[in-house]
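Architecture and fold: a report
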Amino acid sequence: MDKQLSDVILSVEHVSKTFPGVKALDDVSLQVGRGVVHGIVGENGAGKSTLMKILSGVYTKDAGTVVFDGQTIEKTTPMESLRRGLSIIYQEFSLIPSMTVGENIFLGRFKEAGGMRGTHQKAKELLEQIGSSIHTHSRVSELSTSEKQMVEIAKALSFRSKLIIMDEPSSSLTEEELAKLGDIINQMRSEGISILYISHKLDEIFEYCDFVTVMRDGHVIDTRPASELDRKEMVGMMVGRTIENEYPERPRVVGTPLMKVEHLTTNKLKDISFTLNRGEILGFVGLVGAGRTEIVRAIYGADKVKRKEIRIGGETAKITSPRDGKKYGMAFVPEDRKQQGLVLPFSVESNISMASLKKLKKGVFLSPDKERKMADGRISGLLIKTPSPTSAIVNLSGGNQQKCIIGRWLETEPKILIMDEPTRGIDVGAKYEIYMLMKKVVEAGGSIILISSELPEVLNMSNRVLTIADGRITGEFDPEKVSAQEIMNRAIG
Amino acid sequence: MDAKTHIGYFVKNNLVLVTIMILTTATALIEPKFLTVANLGNLMNQFGPLSFVALGMTLAIIGGFIDLSVAGIVSLCAVFTISMIDVLGQGGALIAGLMAGAAMGLLNAFIVVSCGALTQAKALFITYGLSAVYSAAALLYTDGATQHMSHLTSRTDLFRAVGSGRAGFIPASFLLFIVIMALLHIFLVRTQTGREICLTGANITAADLSGIPVKRRITLVFVLSGMLSAFGAIVLFSRITTASPLLGANYETNAILAVVVGGTSLAGGRGSVVRTMLGVMLVILLSNCLNLLGVSTYLQSVCKGAVLIIAIWLDRRRAK
Amino acid sequence: MSVVTKMVKEIEKRKALTAILLMLFMMLFFDTRFYTAYNLLDMLNSAAILAMLAFGVTIVIICGGCDFSIGSMMSLAGIITIKLMDHMPLGIAIAAAVACGALVGFINGFLVVKQKTEPFIITLGMGMLLKGIAQQITDAHPVPAKNLSYMKIANGKLLFGIPNLIIIMVVMLLLFYYILRYTSFGRNCYAVGGDYNVASQSGIRAEKIKWSAFVICGAMAAFCGVLLSSKLNTGSSIYGDSTALSVNCGCVVGGTSFAGGVGGIPQSFIGLLAIQVLENCMNMLGINAYVQQVCEGVIILLILWFDNYTQKRKEEAV
């Protein structure tokens, strides 16, 4: 780092962390000064949350050193870090909804806080300290998101934290609430508390942070004072270069409109309308939680909606369950492979055949021969590596499991293939094979909706890209004509 | 692999068979008459009411649920069917009894599905509550009195044949059990609906997202379980020629015992009715063995409770 | 919010209390012996043991579990006390019975917390096992207590002519209320039931808390068994056959949810009282015992249905 900080509260040196198949953090170094607001930016999957979890003690690092407040920290637990003065406020709050505000602040420290009276009294003082008037006897389940955040901050302060890490603190806050959060951050800074501010929202980073670290693919790209950076440069560092030959050439023949979605509205989605054409790959770009998955689930009939109008090939389609979705020629490769896609204790062949059992019928019975033939066909066609069609699917690698799910849906000859994070946790070789499969599908006249957190993937595979932020479609782009920066800019909102 | 690990592997994977062999040998040693043809008939005869209820329970467990209402269904169906014999004749009563079981299963499914208790744990409470309702209804229906087949004016030979008839030395109820078990086995393994039930039991979310009508499959599972319990009830009262409104007490735990001991996993999706047959056999042999040893019926129920807990525990450890 | 919707919400929250008041009001119009001091006291007296059972169960449910072995535990504990009474001082016999209950709770806790088995099915199996033991000891016959002073524990009136049972119940109510409300253990129970992971990440020893809950519940069930056998001066293996369901569900009636983390001792008490008042009303109105059972079953079912349905609605909110 070119600029030396005089008083360092947290110093991370050469930290690495590998998960099976993925190098989540690669030689990451970072220093946070006392009383400094330090921003960390990066795309989904850049390694921010892994770093955070190592600091808090949820994960253990593979290599490197972490020094907090002069102490070298090897192994730790979330509770130990808290007591040491390092608090983390996660995006998903660690609060117990059925309990009161006061008790949540002193969770597990009932005696320390001095019983029920002490708990509420001290909680009230802490909340007043950050200018919040939340009643300490209210239940957390009755609070708004911003109020819950105040409770989390009060909880962090109750440990006399020296460093507070905030993960996406601004998501789902209103303008007003955001301003209040800004005040609190400034107040904490003036009291000498350091803040590690993790966010996608660049405006806030520029507004609050003294320093900014940009991460990408598990690396620290650079750390600089916020005043020396501009927005464009930062987005450039986040997105990075794309390596062209990771992707097959995208098919160019796009046909006539196939599906029209209009006025799709739920609690989270606000009046979504778009069209999908025949032979097209339509990419959805947005941050985690922007509403991408919710849109496709609603279209497919997996979630209830307030309002939606879908027309497929000119006909009005009434879709209220995944079964209806399937009837209209849709196929859905879900985001959470293990929970929503695979039937883990079952064999490869029954996982492949489960969406098209009808095709296996011979009279009233299922024909094992037909099933074996179907599975064999997909195994050789999709290059699925498995000891045999009867092996349990749980023993396959992530990429091969995903190919089985895709194979399951190809059997139904879908017109619309919805793929939610189809290459998550899959190695590079298998990724390319999945891209080739997608290409084949559209060349055969099918259409694909592709959701991915990997920007290069969406940009290189899609014919058209929709950006989604806060449950709205914020833009439509031709990825060949518009730069990644511009699209990212719009997706950030 | 040397011989020792080989044997260990076999034992581990065929725990039920090994236990059955051990129990058979032990019983034969204590009681040499055990291995005679006459006793074989007796043994088959013990594949009575419980085995049918256990078949229904197997379906429920494979479908991802545990149907605790079977105790109530057995009680209510028994007293209902017996009371219908004079009204509808024996053929009509038999059908009415099975229909009543199916209707109760349908009610179970309706309640479970309508309040969204689609996990095993949630549905447990509901079916247990339903069992209490059915049991109370049985008491109400008979005013607490035991019904006797001998008090009826109509012919009851059909029921008597089902309950205690024999073809040669093979009891009719055993033949029926084998036939129903075979049909269910084919249904689960070889038909689309059967496969869909297994998939729903193993991962209801994935099955739903793959377009399988999960709610209908759950309903079917409960209906079949109800019908098989009704059939168990019919075999039961036909055999003892009386039906008390408390007839079904403890049937749920015994049925679960047979299913889990047989090796069908409580996790859902995996298992088979053939395994349940082995489970029932094990339970019967265990009772036989304990009887021969002169263990009281009460201590036997202690043993069964202990075996149930241990079997669930082992099932859970295997799942981990 | 209009006054009406506010009222509806309040009623929904306190449905057990509303039900009790409704029944009390209804009984004004019937000419029965309901409103006699004798009946009201008797009603409270018979609710006492069930309520105390519910206190133990409440802790377990708040921790996110349930216990269906309490019925058999209760009958077994009574039998143990009566059998041991002849050979040792009464106090020690009672202590031994309660210790047995704690041991059973310990085993339940081990299987549920450490082995992660489904509490419902495990405790149901445990109940079957305990009942077998009770039958074995007594040969399924009721055993009378020979020691007359034993009877006095539950049937005596130590203070101002109030039955001892009611006094014991009030003491227990206050004790359990205090534990759940004002001790660190009690508050941690709510945390563990509310969100197991958040609780353990906050440094709460979640396993230990939940496990202890089962032990307390088992010991409490045994203690109630002692009181019951003292009240009836007999121990029998048939006591408590349907107790488990009505007590567990009584807690839910009061507002303790099987989802865990919600509820409390006063709520469970009100819930159990509601069931007791209902039974008493039906008795007074001369309703057939079997009709009563059906009614009780249907009501329990409705409550379970609502408990699940509200959860589903919360999860599915569009």
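Presented here is an overview of the structure given in this document.

Criteria and cut-off values
Residues numbered from 1 in each chain as written. Chains lettered and ligands numbered in written order. Predicted model: local features only at pLDDT ≥ 70, side-chain atom pairs only at ≥ 80, totals over all residues. Heavy atoms only, no water. Helix = DSSP H or I, 4+ residues; strand = E, 2+ residues; numbered from the N terminus. Rg over C-alpha atoms; globule rule 2.2 N^0.38 Å. Buried < 20%, exposed > 50% of the residue type's maximum accessible area, 1.4 Å probe, protein only. Contact = heavy atoms within 4.5 Å. Areas by Shrake-Rupley, 256 points an atom, 1.4 Å probe, with all protein chains shown as cover. Lys, Arg positive; Asp, Glu negative; His and termini not counted. Charge placed at Lys NZ, Arg CZ, Asp CG, Glu CD. Pairing = 2+ DSSP bridges. Axes fitted to C-alpha atoms, helices over the stretch in contact; angles between N-to-C directions. Phe/Tyr/Trp six-rings, centres within 6.5 Å; stacked < 30°, edge-to-face > 60°. Lys NZ or Arg CZ within 6 Å of the ring centre and 35° of its normal. Buried area = accessible area lost by both parts, 1.4 Å probe. Salt bridge = Lys/Arg side-chain N within 4 Å of Asp/Glu carboxyl O. Polar contact = N/O pair within 3.5 Å; in protein donor to acceptor, adjacent residues only side chain to side chain. Nonpolar A, V, L, I, M, F, W, Y, C, P; charged D, E, K, R; others polar. Patch = residues over 30% accessible without salt bridge, like charges linked within 9 Å, V, L, I, M, F, W, Y side chains within 5 Å. Core = buried A, V, L, I, M, F, W, Y, C linked by side-chain atoms within 4.5 Å. Left-handed = near helix turned anticlockwise from the far one by under 90°.

1. Structural notes on the overall build of chain B
If you tally the helices and strands in chain B, you get 14 helices and four strands. Taking 320 residues into account, the globule formula puts the C-alpha radius of gyration at 20 Å, and chain B, at 20 Å, falls close to it. Taking the principal axes of its C-alpha atoms as reference, chain B extends roughly 70 × 55 × 35 Å. Taking all 320 residues of chain B together, the buried fraction comes to 58%. Considering only contacts in chain B between residues 6 or more positions apart, those separated by 24 or more positions represent 77%. Entry remark: accessible area of chain B is about 12,400 Å², with carbon and sulfur atoms responsible for 67%. Distance between charge centres in chain B, computed from 20 positive and 10 negative side chains, equals 9 Å.

2. Some details on the overall build of chain C
Counting its regular elements, chain C contains 14 helices and two strands. In terms of overall dimensions, chain C is globule-like: its C-alpha atoms have a radius of gyration of 20 Å, near the 20 Å expected for 318 residues. Principal axes of the C-alpha set define a box for chain C whose edges measure 65 × 55 × 35 Å. Within chain C, counting contacts between residues at least 6 apart in sequence, those at least 24 apart form 78% of the total. Per element, the accessible surface of chain C, about 13,600 Å² overall, is 67% carbon and sulfur.

3. Points about the sheet that holds strand β11 (residues 257-265) of chain A
Through backbone hydrogen bonds, the strands of a sheet pair up, either in parallel or in antiparallel fashion. Residue and element names in this part refer to chain A. Here we have four strands laid out as an open sheet, ordered β12-β11-β14-β15, and antiparallel in their pairing. Bordering the open sheet on either side are β12 (272-277) and β15 (315-317), each of which pairs with just one other strand. The average undirected angle you get between the axes of adjacent strands in this sheet is 20°. Of the strand pairs in this sheet, β11 and β12 are connected by five bridges, and their pairing is antiparallel. Its bridge partner being in β12, K260 is matched across the sheet by T275.

4. Some details on the pairing of strand β21 (residues 464-469) of chain A
Residue and element names in this part refer to chain A. β21 sits mainly inside the fold: six of its six residues count as buried. Side chains of β21 alternate between two faces, with R464, L466 and I468 and V465, T467 and A469 buried alike. Note: strand β13 (residues 281-286) against β21, five bridges, orientation parallel. Residue pairing for β21: V285 is matched across the bridge by T467. The hairpin formed by β21 and strand β22 (residues 472-477) contains two residues between the paired strands, and D470 there has a positive phi angle of roughly 50°.

5. Regarding the packing of aromatic side chains
Applying the stated criterion across every chain, the model contains 27 aromatic pairs over all chains. Considering the side-chain rings of Y300 of chain A and F332 of chain A, the 5.0 Å spacing of their centres and the 15° angle between planes classify their relative orientation as stacked. Of this pair, Y300 of chain A sits in helix α9 (residues 292-300) while F332 of chain A sits in strand β16 (residues 330-333), and the two are 32 residues apart along the sequence. Here Y300 of chain A matches F332 of chain A in class, with each residue buried. With 4.9 Å between their ring centres and 80° between their planes, F34 of chain C and Y35 of chain C make a pair best called edge-to-face. Cation over ring: R109 of chain A sits above F159 of chain A, and NZ or CZ is 3.6 Å from the ring centre. Over the aromatic face of Y190 of chain C sits the side chain of R187 of chain C, whose NZ or CZ is 4.6 Å from the ring centroid.

6. Things to note about the interface of chain B and chain C
Listed by partner, the interface residues are 42 residues for chain B and 40 residues for chain C. For the chain B and chain C pair, buried surface summed over both sides reaches about 3,700 Å², with 75% attributable to carbon and sulfur atoms. The tally of links from chain B across to chain C stands at zero salt bridges. The interface formed by chain B and chain C includes five residue pairs in polar contact (both at pLDDT 80 or more). Of all the elements in the fold, those that place two or more residues in the side of chain B that touches chain C are α5 (70-114), α6 (120-142), α12 (251-262) and α14 (297-319) of chain B. Considering each element in turn, the side of chain B that touches chain C owes the most residues, 14 residues, to α6 of chain B. Residues of the side of chain B that touches chain C, tallied by class, amount to 27 nonpolar, nine polar and six charged.

7. Description of the interface of chain C and chain A
Chain C puts 21 residues into the contact, and the matching count from chain A is 19 residues. For the pair chain C and chain A, the summed buried surface comes to about 1,600 Å²; carbon and sulfur atoms form 66% of the total. Our count for the chain C to chain A interface comes out at one salt bridge. Residue R187 of chain C is joined to E103 of chain A by a salt bridge in which the shortest nitrogen-to-oxygen separation is 2.4 Å. The tally of links from chain C across to chain A stands at two residue pairs in polar contact (both at pLDDT 80 or more). Elements supplying a minimum of two residues to the side of chain C that touches chain A: α8 (164-182), α9 (184-194) and α10 (196-201) of chain C. Class assignment for the residues of the side of chain C that touches chain A results in nine nonpolar, eight polar and four charged.

8. A few points about a nonpolar patch on the surface
A cluster of nonpolar residues, F25, M26, L28, F29, F30, Y35, L40, L285 and I287 of chain C, forms a patch on the protein surface that exposes about 860 Å² of accessible area. Topologically, F25 of chain C is positioned in helix α2 (residues 15-27).

9. Observations concerning the environment of S238 of chain B
All names here are of chain B. With respect to the secondary-structure elements, S238 resides in helix α11 (residues 214-240). Distance from S238 to F52, taken between C-alpha atoms, is 14 Å for residues 186 residues apart in sequence. The residues contacting S238, other than those within four sequence positions of it, are M149, F159 and G163. One polar contact links the side chain of S238 to the main-chain carbonyl oxygen of F159, over a distance of 3.4 Å.

10. Let's talk about the environment of M149 of chain B
Residue and element names in this part refer to chain B. Considering the arrangement of structural elements, one finds M149 in the loop between β1 (147-148) and α7 (157-164). Residues M149 and I20, 129 residues apart in the sequence, show an inter-C-alpha distance of 36 Å. Sequence-distant contacts of M149, defined by excluding residues within four places in its chain, comprise I82, T156, F159, R160, F237, S238 and T241.

11. Description of the pairing of strand β10 (residues 219-225) of chain A
Relative to β10 of chain A, strand β9 (residues 211-216) of chain A runs antiparallel, the two sharing six bridges. The residue bridging R216 of chain A from the neighbouring strand is H219 of chain A, located in β10 of chain A.

12. Some details on the nonpolar core
Grouped burial of nonpolar side chains is what soluble globular proteins tend to show. I66, L68 and F237 of chain B together with M52, F55, F68 and F120 of chain C are the most contacted members of the largest nonpolar core, which totals 215 residues. No other element matches α5 of chain B, which puts 20 residues into this core. Residues within four places of F120 of chain C in sequence aside, it is in contact with L68, L124, F125 and Y128 of chain B together with C66 and F68 of chain C. Judged by nonpolar contacts, the second largest core, of 61 residues, contains M259, A290, I319 and L342 of chain A.

13. Observations regarding the sheet that holds β13 of chain A
Residues and elements named next belong to chain A. Overall, mixed pairing links the six strands, which are arranged β16-β19-β20-β13-β21-β22 in an open sheet. Across the chains shown, the open sheet's two edge strands, defined by having one partner strand only, are β16 and β22. Each adjacent strand pair in this sheet contributes to an overall mean axis angle of 20°, direction not counted. Along the sheet, helix α14 (residues 398-410) makes contact with β16 and β19 (416-420), crossing β16 at roughly 170°.

14. Some details on the pattern of salt bridges
Residues and elements named next belong to chain A. Tallied over the entire structure, the rule returns 29 salt bridges over all chains. K268 is the salt-bridge partner of E294, the closest N and O atoms lying 3.9 Å from each other. In this pair, E294 sits in helix α9 while K268 sits in the loop between β11 and β12, placing the two residues 26 residues apart along the sequence. Residue class for E294 comes out partly exposed when judged on its relative accessible area of 28%. Between E349 and R372 there is a salt bridge; the shortest N-O distance is 3.1 Å. Of the two residues, E349 sits in helix α12 (residues 348-353) while R372 sits in helix α13 (residues 368-381), which places them 23 residues apart along the sequence. By relative accessible area, which is 12% here, E349 ends up buried.

15. Looking at the packing of helix α3 (residues 37-62) of chain C against helix α12 (residues 243-254) of chain C
Packed helices, taken two at a time, are described by the angle their axes make and the gap between the axes. Residues and elements named next belong to chain C. Close contact between α3 and α12 brings their axes to 9 Å; oriented N to C, the two are set at 65°. The two elements α3 and α12 cross, and the hand of that crossing is right-handed. In this structure, α3 contributes L50, L53, A54, V57, T58 and I61 to the contact, and α12 contributes T243, V247, N248 and C251. Residues that form the contact of α3 with α12 fall into these classes: seven nonpolar, three polar and no charged.

16. Observations regarding unusual backbone geometry
One non-glycine residue, D69 of chain A, lies in positive phi territory at about 50°. Relative to the assigned elements, D69 of chain A resides in the loop between β4 (63-68) and β5 (71-73). The class for D69 of chain A is partly exposed, based on a relative accessible area of 25%. Of note, T241 of chain B is a non-glycine position whose phi angle comes to about 55°, a positive value. A relative accessible area of 26% places T241 of chain B in the partly exposed class.

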